[in-house]
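Okay, here's what each chain looks like letter by letter:
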Amino acid sequence: MSLAQGRPYLAIPGPSVLPDRVLAAMMRPAPNIYAGPLHDLTHSVLADLRRLARTTAHVAVYVGNGHAGWEAANANLFSAGDGALFVTTGNFGLGWAESARRMGVAVEAIDCGKRVAADPWQIASALRQDGAGRIRAVLLTQTDTASSVRNDVAAIRSAIDATGHPALLAVDGIASVGCDPMQMDEWGVDVLLAASQKGLMAPPGLAILWASDKAVRATASSGLRTPYWDWTPRFFGQEYWHLFCGTAPTHHLFALRESLTMILEEEGLDNVWARHARLARAVWAAFDAWGQGGDIALNVADPTMRGHSVTAARMGDGAAGRLRAWAEAETGVTLGIGLGMALPSEPAYGDFLRLAHMGHVNAHMTLGALSVIEAGLTALGVPHGKGALDAAIAALG
Ligand SMILES: *Cc1c(COP(=O)(O)O)cnc(C)c1O
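Side note on the overall build of the protein
Per the secondary structure count, the protein includes 14 helices and 14 strands. Along the first, second and third principal axes, the C-alpha set of the protein runs to 60 × 55 × 40 Å. Each of the 397 residues in the protein was classed as buried or not, and the buried ones make up 58%. Put simply, 73% of the contacts in the protein that link residues at least 6 apart link residues at least 24 apart. Accessible surface, the protein as shown: approximately 15,500 Å² in total, 57% of it carbon and sulfur. One way to put it: in the protein the 30 positive side-chain charges average out to a point 1 Å from where the 36 negative ones average out.

Structure follows, in structure tokens:
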């Protein structure tokens, strides 16, 4: 008999779990968009988004998802034919590169595969070969949600600077902002992306884009801008509607106001980062233990190259697919599908899964999800090492 009745747990890497408080904050009538409290609330949200990214940069909120954020960045950074160096560590990096290519950007790519972080010196070497200075920007994901690989953004900036090349650095932080450390100013990030539905614990629908003064100056004549995506009125416009190029996403702003208060005022950003790191270590310890006695392995072997918000893993012989189905039907936990490791048409597709530990998650949720996996491996007769839950508890430390 299924034990799935009760509160479901969607443990996929976005949309992430919505705090009840965030939902409650959205339960109100439509506000006046022409004057009044919504304007003050919006400015407080924009100020707190800067605090979230540890920056004094410009920030814009677009009505759109992460893909919209990619286009916003592309449109403002490039003219058709401009060079871009995309450094990819999984499907999301590949997706951003493809969107730039389709917009007419001359994309050069360093494909680092799906299991290791980018090597900063490989990026530097590509820039050194760009004597003509065609590359306007280096673009990468901080954590690629598909592979769970996390890049060392600060080290990449240092390597770029060491070449003397003027390339801007643009980072997709959609899966990492609000989960893993991001210090935009200290690390020298010029353009940063986030979306509402991951670490920000709000519904999908907002793309957030930060840009340094340097990026704004360097891209003043970028030609791919269209009225909606142009960041200029959003950063410098005189009227409230310029911020959104139209009607404000009122209820998403109420949601963000609540989640930013939870992150910045109540828990504190450093504590949020530390919580994600500890929960991630517990997940990794459990998978390592299971792997001792079966065909189970984390996607990323080196812990320093793993994101703290999502873990991708392999369970051979289709066990990952069977486990996901079992966990949802029998326990009410939905685990993430594997993304980009195999095509849905290939048998190996069933070998991959992802467990999110992103946003509104605490120890009981992560330990609960790990217990469900343990129970599922046993119920399905999937060979696995013992002691995973003890290892997870010890790693929470
Ligand atoms: C989720 C995600 C995206 C895509 O966001 P959508 O809202 O699905 O368009 C892009 N990049 C990263 C790193 C993500 O995690």
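Looking at the packing of aromatic side chains
Per the stated rule, a full pass over the model turns up eight aromatic pairs. On the basis of an interplanar angle of 65° and a centroid distance of 6.2 Å, the ring pair of Tyr 62 and Tyr 228 is categorised as edge-to-face. In this pair, Tyr 62 is assigned in strand S2 (residues 58-63) and Tyr 228 in the loop between helix H8 (213-218) and helix H9 (232-236), connecting sequence segments 166 residues apart. Accessibility expressed as a relative area gives 0% for Tyr 62, which makes it buried. An aromatic cluster is present here, built from Tyr 62, Tyr 228 and Trp 229 joined pairwise through their rings. Geometry around Phe 254 places Arg 28 over its ring, the cationic atom sitting 3.6 Å from the centre.

With respect to the nonpolar core
In a soluble, globular protein the nonpolar side chains are often hidden away together inside. Within the largest apolar cluster, 58 residues are counted, with the highest numbers of intra-cluster contacts made by Leu 49, Ile 123, Val 138 and Trp 210. Looking at this core, the element that brings in the most residues is helix H10 (residues 250-267), giving eight residues. A domain split of this core shows at least three residues from each of domain 1 (9-16 + 268-395) and domain 2 (31-265). The next biggest cluster of nonpolar side chains, apart from the first, holds 35 residues, and it includes Leu 279, Ala 320, Ala 392 and Leu 396.

Quick notes on the rules
Residues numbered from 1 in each chain as written. Predicted model: local features only at pLDDT ≥ 70, side-chain atom pairs only at ≥ 80, totals over all residues. Heavy atoms only, no water. Helix = DSSP H or I, 4+ residues; strand = E, 2+ residues; numbered from the N terminus. Buried < 20%, exposed > 50% of the residue type's maximum accessible area, 1.4 Å probe, protein only. Contact = heavy atoms within 4.5 Å. Areas by Shrake-Rupley, 256 points an atom, 1.4 Å probe, with all protein chains shown as cover. Lys, Arg positive; Asp, Glu negative; His and termini not counted. Charge placed at Lys NZ, Arg CZ, Asp CG, Glu CD. Phe/Tyr/Trp six-rings, centres within 6.5 Å; stacked < 30°, edge-to-face > 60°. Lys NZ or Arg CZ within 6 Å of the ring centre and 35° of its normal. Core = buried A, V, L, I, M, F, W, Y, C linked by side-chain atoms within 4.5 Å. Domains from an automatic or database assignment.

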